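Listed here are the chains, written in short residue letters.
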Amino acid sequence: MRIKKTFFIASLLLGSVALAGCNDEKELRDGEWPPIQFTVNEVQCKTSVYKVGLDGGEYKVSSSNYDNFWINSIWEDSLLMWPEGGNPRPSLEAHLTTDWYEVQYDIKCNLVVSIQPKTKDSPSRSLQFRMQSGDGFGTITLSQE
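Being a predicted model, the structure only gives us computed values, none of them experimental.

Calculation notes
Residues numbered from 1 in each chain as written. Predicted model: local features only at pLDDT ≥ 70, side-chain atom pairs only at ≥ 80, totals over all residues. Heavy atoms only, no water. Pairing = 2+ DSSP bridges. Helix = DSSP H or I, 4+ residues; strand = E, 2+ residues; numbered from the N terminus. Axes fitted to C-alpha atoms, helices over the stretch in contact; angles between N-to-C directions. Buried < 20%, exposed > 50% of the residue type's maximum accessible area, 1.4 Å probe, protein only. Salt bridge = Lys/Arg side-chain N within 4 Å of Asp/Glu carboxyl O. Phe/Tyr/Trp six-rings, centres within 6.5 Å; stacked < 30°, edge-to-face > 60°. pLDDT = per-residue confidence, 0-100. Core = buried A, V, L, I, M, F, W, Y, C linked by side-chain atoms within 4.5 Å. Contact = heavy atoms within 4.5 Å.

Caption draft 1: Examining the sheet that holds strand β11 (residues 136–144) more closely. Pairing in this open sheet of five strands is mixed, and the strands run β3-β11-β10-β5-β6 from one edge to the other. Whereas interior strands pair on both sides, the edge strands pair on one side only; in this sheet they are β3 (49–52) and β6 (79–82). Going from strand to strand, the sheet's axes swing by 25° on average, the running direction of each strand aside. Here four bridges tie β3 to β11, and the two strands are oriented parallel to one another. Note that in β11 the partner of Val52 across the bridge is Gln144.

Below you can see the structure in the form of structure tokens.
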């Protein structure tokens, strides 16, 4: 009888500890991570579109709420530029060069985008980056009008 009572009390204690461990409200579940918040040249972006001047330049894109991120895709206007062939699991070492921009990572996993100057007569152009950090996602567009 004493063994049954001890076993019953031990089972209740173990069960309550197991249930209490499952109710941690601070831990984020899949799909509940906040979206990536971007900074461009160390200035917090208030919208997902960052205006680039006609003279172009170098733009360092980083995250203010995650340590790092990776590129899921790069779109030039509405054309998929990277990854080639739409590979769903691209590497962190993306490097893309075209006639008007270059995209690469620096050593701290910041995205560095160099954009060439644009004439007033040429059409507007944009680069959209779809990023991921764990289960957090974000999109930022560099627009040169």
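Caption draft 2: Representation of the pairing of strand β10 (residues 125–133). Counted residue by residue, β10 has eight buried out of nine residues, so it is predominantly covered. Alignment of strand β5 (residues 70–76) against β10, held across six bridges, turns out to be antiparallel. The residue of β10 that forms the bridge with Ser73 is Arg130. In this antiparallel pair of consecutive strands, β10 and β11, the connection spans two residues, and Gly134 shows a positive phi of 65°.

Caption draft 3: Representation of the sheet that holds strand β8 (residues 101–105) within the structure. Read from one edge to the other, the open sheet built from six strands follows the order β2-β1-β4-β9-β8-β7, with strand pairing classed as antiparallel. For this open sheet the edge positions go to β2 (43–44) and β7 (96–97), each flanked by a neighbour on one side alone. Bridging between strand β1 (residues 38–40) and strand β4 (residues 57–63) involves three bridges; their strand directions are antiparallel. Bridge assignment links Phe38 to a residue of β4, and that residue is Ser63.

Caption draft 4: Representation of the pattern of salt bridges. Scanning all chains against the criterion turns up two salt bridges. Here Glu42 ties to Lys60 by a salt bridge, and the two come within 3.7 Å at their closest N and O atoms. Here Lys60 lies in strand β4 and Glu42 lies in the loop between β1 and β2, a separation of 18 residues in the sequence. Lys60 gets classed as partly exposed once you look at its relative accessible area, which sits at 28%. A salt bridge links Lys51 to Glu145, with the nearest nitrogen and oxygen atoms 2.7 Å apart. Within this pair, whereas Lys51 is found in strand β3, its partner Glu145 is found in the segment after β11, the two being separated by 94 residues in sequence.

Caption draft 5: Representation of the packing of aromatic side chains. As enumerated under the stated definition, the model contains five aromatic pairs in all. On the basis of an interplanar angle of 15° and a centroid distance of 6.3 Å, the ring pair of Trp33 and Tyr66 is categorised as stacked. Residue Trp33 is found in the loop between α1 (2–21) and β1, and its partner Tyr66 is found in the loop between β4 and β5; the two are separated by 33 residues along the sequence. Owing to a relative accessible area of 14%, Tyr66 belongs among the buried residues under this scheme. Seen from their ring centres, Tyr50 and Tyr59 are 6.0 Å apart, and the 65° between their planes marks the pair as edge-to-face. Ring-pair connections join several aromatic residues into one group, and the members of that group are Phe38, Phe69 and Tyr105.

Caption draft 6: Fine view of the confidence of the model for the chain. Mean pLDDT for the chain: 82, with 73% of residues reaching 70 or above. For the chain, α1 is the element with the lowest average pLDDT, namely 60, and β3 is the one with the highest, namely 96.

Caption draft 7: Highlighting the nonpolar core. Judged by nonpolar contacts, the single largest core of 25 residues is most densely connected at Val103, Leu111 and Phe129. Counting residues per element, the ones that place at least two in this core are β1, β4, β5, β8, β9 (111–115), β10 and β11. With sequence-adjacent residues up to four places away left out, Leu111 is seen in contact with Tyr59, Lys60, Val61, Phe69, Ile71, Val103, Gln104, Tyr105, Phe129 and Met131.

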